[in-house]
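These are the residues of each chain, in order.
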Amino acid sequence: MRALDVAQLAAGVVAAARLARGRRRLPALASRTTARTTISVVVPARDEAARIGPCLRGALAAPAVTEVIVVDDGSQDGTASVAAALGAKVITGAPLPDGWVGKQWALRQGVRAATGEIVVTLDADARPEPGLFGALACALERYDLVSAAPRFACDGPLEQALHASMLATLVYRFGPAGPLTPPPAHRVVANGQCMAFRREQLTRADGFALVRDRMTDDVALARCLAGRGWSVGFLDAGALLEVDMHDSVAELWREWGRSLPLRDVTGPGWQAADLAVIWLTCALPALRLAAGRPTGLDAGLLAMRLLLACALRGSYRDPGPGLALSPLLDPAAALRLTLATLRPVRTWRGRTYPRVTAGARRARPGRSAAR
């Protein structure tokens, strides 16, 4: 048996074990329109006038929500005016300090302005159902930090195919949302499009200052707090939260592709291992199939990948032919993952941030970098 075949078989066993966790998962979040506590919603926004409307309307319509705060992070497109007209409380973000990424700085300001016992953070492209917020508050009776896996809206079969292929790289590396057994802190994942926590608890930890320089802020926060003993949950909220992430295939390739490797929160050894799993179990079988030379192992891995495509139907608003076609784009997703790992992007919305490594040392909260 050739070395490549042995490596592919080993990677296939690893991937199969991770996918098998989907057979026994925690139940999805169930709608709750009321809560036994006060809830503040914080939305960091930079040039989001065209997308923020559905997010704010959903949050403002929720009976369990006490207040909705938008932190306007230097927008030039009228985001603040749109948010205020819809009824949100708008905070003009302070100038960005050295050493901070804009989103973390905006979230820190929003949390400090919030009055609710619980804070739910939403990205501007999120579209929440009214029952989401009470469900998250209920989940916080078990966890210290919760993030929600949404369903996705895609424009056309090609965008859905590429999105599903990229999403598959996450499932192959970390397993599905809602694992029964919590992963070790260094393998925790989270979705920053929707997170919930107790305001005083996160304020005491100054959580956003701990990950102030990370581009993959959501996973960085979850792993940092899990390492400090917090109970972190990543739960399925597909029935209660929809996200329309990108406006085109090109934007999807460029923007989501840059963050998929979790480059600044993952050590080199795990990066190499994760890339090996994706190339050997997803990309290689698709490439051999295209060349007309698939092996028996390739056929088995392709069947496993098609089963995942079927399982992902619930993750999309309008599941269509793009899901069935997504395995054919796995080589492209693997290439994007590799390029972003080797050449990490530190630019976002007109700002460029200094490069950091996964093990970079951070200044303690309260020091000069947090001013």
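Here the structure is a predicted model, which means the values were calculated and not measured.

A.B. asks: Can you help me understand the side chain of Thr79 in this one?
C.D. replies: Residue placement: Thr79 occurs in helix α3 (residues 79-86). Note on Thr79: relative accessible area 0%, which makes it buried. In terms of polar contacts, Thr79 uses its side chain to reach the backbone amide nitrogen of Glu48, at 2.8 Å. Once you skip the residues sitting within four places of it in the chain, Thr79 turns out to touch Ala45, Asp47, Glu48, Ala49, Ile52 and Asp72.

A.B. asks: Can you help me understand the packing of aromatic side chains in this one?
C.D. replies: If you walk through the whole model with that rule in mind, you get four aromatic pairs. Look at Trp100 and Trp105: their rings are 5.2 Å apart centre to centre, the planes differ by 65°, and that puts the pair in the edge-to-face class. Looking at Trp100, the relative accessible area reads 2%, which means it is buried. Exposure remark for Trp105: the relative accessible area of 8% places this residue in the buried category. Here Phe152 and Trp256 contribute two aromatic rings whose centre-to-centre distance is 6.5 Å and whose plane-to-plane angle is 40°, an arrangement assigned as tilted. Pair noted here: Phe152 is in strand β7 (residues 151-152) and Trp256 is in helix α10 (residues 249-259), with a separation of 104 residues, a long-range link. Of the two residues, Phe152 and Trp256, neither departs from the other in class, the shared state being buried. The side chain of Arg187 reaches across the aromatic face of Trp270, ending 3.9 Å from its centre.

A.B. asks: What is the right way to look at the sheet that holds β7 in this model?
C.D. replies: Each strand in a sheet pairs with another by means of backbone hydrogen bonds, the pair being arranged parallel or else antiparallel. Strand order in this open sheet of three strands is β5-β10-β7, and the pairing throughout is mixed. Edge positions in the open sheet fall to β5 (126-128) and β7, since each of these has one partner strand only. Bridge analysis of β5 against strand β10 (residues 241-243) gives three bridges, and the strand direction is antiparallel. In the strand pairing of β10, Arg127 is matched with Glu242.

A.B. asks: Help me understand the sheet that holds strand β8 (residues 194-198), please; the structure alone is not making it clear to me.
C.D. replies: In space, the seven strands of this open sheet follow the order β3-β2-β1-β4-β8-β6-β9, with mixed pairing throughout. Edge positions in the open sheet fall to β3 (89-92) and β9 (232-236), since each of these has one partner strand only. Here the strands of the sheet are splayed against their neighbours by 20° on average, with no regard to which way each runs. Pairing of strand β1 (residues 39-45) with strand β2 (residues 65-72), which is carried by seven bridges, proceeds in the parallel orientation.

A.B. asks: Is there a simple way to explain the pattern of salt bridges in this structure?
C.D. replies: Where charged atoms of side chains with opposite charge meet at close range, the side chains can pair. Overall, the coordinates contain 20 salt bridges when judged by the stated rule. A salt bridge links Asp318 to Arg317; the shortest N-O distance between them is 3.1 Å. With a relative accessible area of 52%, Asp318 lands in the exposed category. Each member of the salt-bridge network shares a partner with another, and the members are Arg127, Arg151, Glu242, Asp244, Arg317 and Asp318.

A.B. asks: Hey, could you run me through the nonpolar core in this one?
C.D. replies: Generally speaking, soluble globular proteins have nonpolar side chains that are buried together. Val41, Val43, Val120, Leu122 and Phe133 are the most contacted members of the largest nonpolar core, which has 71 residues in total. Apart from the residues within four sequence positions on either side, Val43 is in contact with Ile52, Cys55, Leu56, Ile69, Val70, Val71, Leu122, Asp123 and Ala124.

A.B. asks: Explain unusual backbone geometry here, please?
C.D. replies: Phi is positive for Asp47, which is not a glycine, with a value near 55°. Checked against the element boundaries, Asp47 lands in the loop between β1 and α2 (52-60). Given a relative accessible area of 29%, Asp47 falls into the partly exposed group. Positive phi, close to 55°, is recorded for Leu262, a residue that is not glycine. Checked against the element boundaries, Leu262 lands in the loop between α10 and α11 (268-290). A relative accessible area of 7% places Leu262 in the buried class.

Calculation notes
The residue numbers shown here count from 1 along each chain, following its written sequence. Thresholds applied to this predicted model are a pLDDT of at least 70 for local features of residues and 80 or more for the giving and counting of side-chain atom pairs; totals over whole chains, interfaces and linings are not thresholded and use all residues. Working from all heavy atoms in the structure, the side-chain values ignore hydrogens and water. Counting from the N terminus, the helices are DSSP H or I runs at least four residues long and the strands are E runs at least two residues long. Here the term buried applies to any residue with accessible area under 20% of the maximum for its type, exposed to any over 50%, and partly exposed to those in between, with areas from a 1.4 Å probe on protein chains only. Distance and chemistry together define a polar contact, namely a pair of N or O atoms within 3.5 Å, with one atom able to donate a hydrogen and the other to accept it when in protein, and with adjacent residues in sequence counting only for side-chain atoms on both sides. In this analysis, two residues are considered to be in contact whenever any of their non-hydrogen atoms come within 4.5 Å of each other. Each Phe, Tyr or Trp ring (for Trp, its six-membered ring) is paired with any other whose centre lies within 6.5 Å, and the angle between the two planes then decides the class: stacked below 30 degrees, edge-to-face above 60, tilted in between. The criterion is that NZ of a Lys, or CZ of an Arg, lies within 6 Å of the ring centre and within 35 degrees of the ring normal, and then a charge sits over that ring. Two strands are counted as paired when DSSP detects at least two bridges linking them. Convention adopted: a line fitted to C-alpha atoms gives each axis, helices being fitted over their contacting stretch, and angles between N-to-C directions are expressed from 0 to 180 degrees. Here, a salt bridge means any side-chain nitrogen of Lys or Arg that lies within 4 Å of a carboxyl oxygen of Asp or Glu. In this description, a nonpolar core means a group of buried Ala, Val, Leu, Ile, Met, Phe, Trp, Tyr and Cys residues linked to one another through side-chain atoms lying within 4.5 Å.

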